[in-house]
Amino acid sequence: MATRTATVADLDGIMALERASFPTDAWSPAVMREELASPHGWYVVVEEAGRLVGYAGLRAVRGARDADIQTITISEAARGRGRGRALLTALLEEAVRREVHDVFLEVRADNPVAQKLYLSEGFAEVGRRPRYYQPDDVDAIVMQLDLRGWAGRRAETAGIPASGLEGPDRSHGIGSEAPGDSIPLPSSESTPPTASGKGWC
């Protein structure tokens, strides 16, 4: 298994997985191409025997305080072997490198596998969007992760001092929207980031 940064050249393989995993609400090739080319995005792919079996994307504007998990997708045949967690970890590590404080995502209420993965990494439910995923009438669960706490726990587990994880406070950043998505936060003082909330792990 090889994980590497995605490029626009991976578009066809990514779209094949996108359509198979999200038959009712797949992104268009134009939207996916824009995601891959965006300087604010960071996508990775997983290959096995030269075949793309998974991809994941992060939206993290340089210097912003918040980031969004845009999507995590593993082909059906490759699920259940830890690849989803590996992709999520890669995204969170990149967010740490970009000095992000909080990571947000949306996940379908009918996807318990993805929910369990996110909860196990420290994400917490902070809201719901009723009937958000159309045409399926499925709620979106909004989740948030304290990234500095996550990085600190990982550093402690690895025996690495966690000093330096508390970076300077930065202004609240807003990621550009995935198709039609925005996240309402419980606090009226917070400006919401955006995310797609797609995830098959």
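A brief look at the structure comes next. As the structure is a prediction and not an experimental result, all values here were calculated from the model. (Residues numbered from 1 in each chain as written. Predicted model: local features only at pLDDT ≥ 70, side-chain atom pairs only at ≥ 80, totals over all residues. Heavy atoms only, no water.)

1. Side note on the overall build of the chain
Part 1 of the reasoning: Scanning the chain from terminus to terminus reveals 5 helices and 8 strands.
Part 2 of the reasoning: Starting at the N terminus and walking to the C terminus, you meet the elements of the chain as β-α-α-β-β-β-α-β-α-β-β-α-β.
Part 3 of the reasoning: Residue burial in the chain is summarised as follows: out of 201 residues, 49% are buried.
Part 4 of the reasoning: Considering only intrachain contacts with a sequence separation of at least 6, the fraction spanning at least 24 residues in the chain is 62%. (Helix = DSSP H or I, 4+ residues; strand = E, 2+ residues; numbered from the N terminus. Buried < 20%, exposed > 50% of the residue type's maximum accessible area, 1.4 Å probe, protein only. Contact = heavy atoms within 4.5 Å.)

2. Regarding the packing of helix H1 (residues 11–21) against helix H2 (residues 29–37)
Part 1 of the reasoning: Contact pair H1 / H2: the axes reach a minimum separation of 10 Å and the direction vectors enclose 125 degrees. The orientation of H1 relative to H2 falls into the category oblique. Handedness of the crossing formed by H1 with H2: right-handed. Where H1 abuts H2, its residues Leu-11, Ile-14, Met-15, Glu-18 and Arg-19 lie against Pro-29, Met-32, Arg-33 and Leu-36.
Part 2 of the reasoning: Classifying every residue of the contact of H1 with H2 gives 6 nonpolar, no polar and 3 charged. (Axes fitted to C-alpha atoms, helices over the stretch in contact; angles between N-to-C directions. Parallel < 35°, antiparallel > 145°, perpendicular 65-115°, else oblique. Left-handed = near helix turned anticlockwise from the far one by under 90°. Nonpolar A, V, L, I, M, F, W, Y, C, P; charged D, E, K, R; others polar.)

3. Here we look at the pattern of salt bridges
Part 1 of the reasoning: Taken as a whole, this structure holds 13 salt bridges when the rule is applied.
Part 2 of the reasoning: With a shortest N-O distance of 3.0 Å, Arg-108 and Asp-110 are connected by a salt bridge.
Part 3 of the reasoning: Under the relative-accessibility criterion, Arg-108 is labelled buried at 12%.
Part 4 of the reasoning: In this structure, Arg-108 and Asp-136 form a salt bridge, with 3.2 Å as the shortest nitrogen-oxygen distance. Taken as a pair, Arg-108 in strand E5 (residues 102–108) and Asp-136 in the loop between strand E6 (124–133) and strand E7 (138–146) lie far apart in primary sequence, 28 residues in all.
Part 5 of the reasoning: The exposure class assigned to Asp-136 is partly exposed, which follows from its relative accessible area of 30%. (Salt bridge = Lys/Arg side-chain N within 4 Å of Asp/Glu carboxyl O.)

4. Brief notes about the packing of aromatic side chains
Part 1 of the reasoning: Summed over the entire model, instances satisfying the criterion amount to 2 aromatic pairs.
Part 2 of the reasoning: Residues Tyr-132 and Tyr-133 carry aromatic rings whose centres are separated by 5.0 Å and whose planes lie at 85 degrees to one another, so their mutual orientation is edge-to-face. Both residues of the pair, Tyr-132 and Tyr-133, count as buried.
Part 3 of the reasoning: The cationic tip of Arg-97 hangs over the ring face of Trp-42; the distance from NZ or CZ to the ring centre is 6.0 Å.
Part 4 of the reasoning: Above the ring of Tyr-133, the side-chain terminus of Arg-108 is found at 5.3 Å from the ring centroid. (Phe/Tyr/Trp six-rings, centres within 6.5 Å; stacked < 30°, edge-to-face > 60°. Lys NZ or Arg CZ within 6 Å of the ring centre and 35° of its normal.)

5. Examining helix H4 (residues 112–120)
Part 1 of the reasoning: Where H4 is concerned, the buried positions are Ala-114, Gln-115, Leu-117 and Tyr-118. Considered in projection along H4, the buried side chains sweep an arc of 160 degrees and stay on one side of the axis. Turned more than 90 degrees away from the buried face of H4, the exposed residues are Pro-112, Val-113, Lys-116 and Leu-119.
Part 2 of the reasoning: Note on H4: the residue one or two positions beyond its end, Gly-122, has a positive phi of about 105 degrees. (Arc of directions from axis to C-beta.)

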